[in-house]
Amino acid sequence: MFRDDLLRDERILVTGGGGDLGRAMAARFLDLGASVVLCGRSPERLDAALAAPAIARHAERATALPCDLRDPAAVAAMMERIWQDGPLTVLVNNAAANFIAQTERLSARAADAILGPSLHGALYATLEAGRRWIDAGDRGTVLSILSTSARTGRAFTAPSEMAKAGLEAMTKSLAVEWGPKGIRMVAIAPGAFETETAARQLRPGAGDGDEGGFAGLAEWIPDGRLGRTDELADLAAFLLSGPAAHITGETIAIDGGAHLRSSGAEDLLRWPQEKWDAVRQRR
Ligand SMILES: CCC/C=C/C(=O)SCCNC(=O)CCNC(=O)[C@H](O)C(C)(C)COP(=O)([O-])OP(=O)([O-])OC[C@H]1O[C@@H](n2cnc3c(N)ncnc32)[C@H](O)[C@@H]1OP(=O)([O-])[O-]
Ligand SMILES: NC(=O)C1=CN([C@@H]2O[C@H](COP(=O)(O)OP(=O)(O)OC[C@H]3O[C@@H](n4cnc5c(N)ncnc54)[C@H](OP(=O)(O)O)[C@@H]3O)[C@@H](O)[C@H]2O)C=CC1
């Protein structure tokens, strides 16, 4: 689909690069010639990502740095370390934290556990990369991974929706403010992708025969299935590539149309063909 060297000149930091979607994007960027730095809190998860065959086959262009994005000093130190080897050209704000809970029962610490990495951490990373690009007169791109649920709102994950909506506002605001300085801001809003943590944090199952997971969700999605990680990775690669150079401030949804299912015709979608035929005959 893409030229093999599409991202050859890019040096890309993928936050949360030890997670499922981060790892898939990193592997795709490497396939297309980029150098990649992964970050996350857990050194074990980062080591596992570097050892995965899709990444290990490009070992000379893949590195990892543990970093807790909730700590602005740690983010600054990570960026300093990265820049010692040369500038990044792309920051991918992918790291996030989320879990379902009845919102009125969230403690302040629980709310901060979500807002910390998902909103503040992404902002800290964007500021650290942005000011280095601006000081050096370098071009740069920030790609943030949002969620279609930030557009619609979503019950039981309010802090995550607030964080993702905040990142969308950052994407639009800095597209204008930093655009003249050569910095492009883009975002992807995924729908449901069956990653290990999404299943655990968002559909944990309550026991007694309810094992949770994503079973049954696909039939609710207009195109009848969940997203595939390779599809997200390809969209990310395109948005970082030369042909996307004029796209900024935009968020692209990748959810099979799921977030548009709020038209008031949901009951009609469940009608069998006979019912449509009967209605037509009665006209
Ligand atoms: C919507 C679709 C779009 C998005 C999809 C995704 O993002 S999928 C990707 C999702 N990926 C990930 O989520 C990434 C992996 N997960 C993580 O980063 C973390 O494990 C974490 C965010 C779940 C907890 O962060 P941490 O280590 O900082 O937490 P901690 O243990 O120090 O506790 C702090 C406070 O939070 C409370 N609390 C914690 N869990 C729950 C819960 N389930 N229930 C209720 N409360 C909970 C805990 O009780 C405590 O409050 P207290 O008692 O002191 O008042
Ligand atoms: N899967 C899905 O259905 C959807 C996912 N998304 C978004 O896609 C992105 C990736 O999700 P997914 O791959 O499913 O989730 P993962 O949990 O696998 O990935 C998130 C990563 O973020 C890292 N992270 C969390 N907190 C911190 C922190 N404080 N500092 C540094 N890194 C941190 C985690 O690593 P570690 O724990 O080692 O720090 C983890 O690897 C997220 O932004 C998510 O919100 C959006 C919509 C739907």
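Residues numbered from 1 in each chain as written. Chains lettered and ligands numbered in written order. Predicted model: local features only at pLDDT ≥ 70, side-chain atom pairs only at ≥ 80, totals over all residues. Heavy atoms only, no water.

**Student:** Mind laying out the nonpolar core, listing which residues take part and the relevant values?
**Tutor:** Proteins that are soluble and globular tend to have nonpolar side chains buried together. Counting residues in each nonpolar core, the largest one holds 34 residues, and the members touching the most others are Leu7, Ile12, Phe29, Val92, Leu143 and Ile188. Here this core gets 7 residues from one element, more than from any other, and that element is helix α9 (residues 229–240). In this view, Phe29 contacts Leu7, Ile12, Val14, Ala34, Val36, Val92, Ala233, Ala236, Ala237 and Leu240; residues no more than four positions away in its chain are not counted. Counting 28 residues, the second largest nonpolar core, distinct from the first, contains Val37, Met79, Ala129 and Met185. (Core = buried A, V, L, I, M, F, W, Y, C linked by side-chain atoms within 4.5 Å. Buried < 20%, exposed > 50% of the residue type's maximum accessible area, 1.4 Å probe, protein only. Helix = DSSP H or I, 4+ residues; strand = E, 2+ residues; numbered from the N terminus. Contact = heavy atoms within 4.5 Å.)

**Student:** Before we move on, can you summarise the site of ligand 2 with the specific residues and values?
**Tutor:** Within the structure, ligand 2 sits among 28 residues, and Arg41, Arg45, Asn94, Thr195 and Thr197 are positioned closest to it. Within the backbone of Gly19, a nitrogen or oxygen atom sits 3.1 Å from an oxygen atom of ligand 2. In isolation ligand 2 has 860 Å² of accessible area, and contact with the protein removes 90% of it. Of all elements in the fold, only α1 (20–31) and α8 (196–202) reach the threshold of two or more residues within the shell around ligand 2. Along the lines of polarity and charge, the residues of the shell around ligand 2 split into 12 nonpolar, 10 polar and 6 charged. (Near = heavy atom within 4 Å. Polar contact = N/O pair within 3.5 Å; in protein donor to acceptor, adjacent residues only side chain to side chain. Areas by Shrake-Rupley, 256 points an atom, 1.4 Å probe, with all protein chains shown as cover. Nonpolar A, V, L, I, M, F, W, Y, C, P; charged D, E, K, R; others polar.)

**Student:** Got a sec to walk through unusual backbone geometry? Specific residues and values, please.
**Tutor:** With the exception of glycine, the majority of residues adopt a negative phi angle, and the majority of peptide bonds are in the trans configuration. Even without being a glycine, Phe156 presents a positive backbone phi close to 75°. Structurally, the position occupied by Phe156 is in the loop between α6 (149–152) and α7 (158–178).

**Student:** How would you sum up the confidence of the model for the chain? Please name residues and give values.
**Tutor:** Across the chain, the average pLDDT comes to 96, with 100% of residues at 70 or higher. Overall fold confidence (pTM) sits at 0.96, and the ipTM for the predicted complex is 0.98. (pLDDT = per-residue confidence, 0-100.)

**Student:** How would you sum up α9? Please name residues and give values.
**Tutor:** Taking 1.5 Å per residue as the helical rise, α9 with its 12 residues ought to reach 16 Å, and the 17 Å between its terminal C-alpha atoms agrees with that figure. Taken together, the buried positions of α9 are Leu232, Ala233, Asp234, Leu235, Ala236, Ala237, Leu239 and Leu240. If you follow the buried residues of α9, they end up packed against β1 (11–15), α1, β4 (90–93), β5 (140–145), β6 (183–190) and β7 (250–254). (Expected span 1.5 Å × (residues − 1).)

**Student:** Lay out the packing of aromatic side chains in plain terms, naming residues and giving numbers.
**Tutor:** Within this structure, the stated rule accounts for 2 aromatic pairs. Sitting over the ring of Trp83, Arg132 keeps its end group 5.6 Å from the ring centre. Here Arg203 stacks its cationic end above the ring of Phe214, 5.7 Å away from the centre of that ring. (Phe/Tyr/Trp six-rings, centres within 6.5 Å; stacked < 30°, edge-to-face > 60°. Lys NZ or Arg CZ within 6 Å of the ring centre and 35° of its normal.)

**Student:** Go over helix α5 (residues 108–136) with me, naming the residues and quoting the values.
**Tutor:** Between its first and last C-alpha atoms α5 spans 39 Å; for 29 residues at 1.5 Å apiece the expected length is 42 Å, and the two agree. The principal kink in α5, of about 45°, is found at Gly116, preceding the proline Pro117 by one to four residues. Gly137 sits one or two residues past α5 and shows a positive phi near 70°. (Bend = angle between axes of the 7 residues up to and from the residue.)

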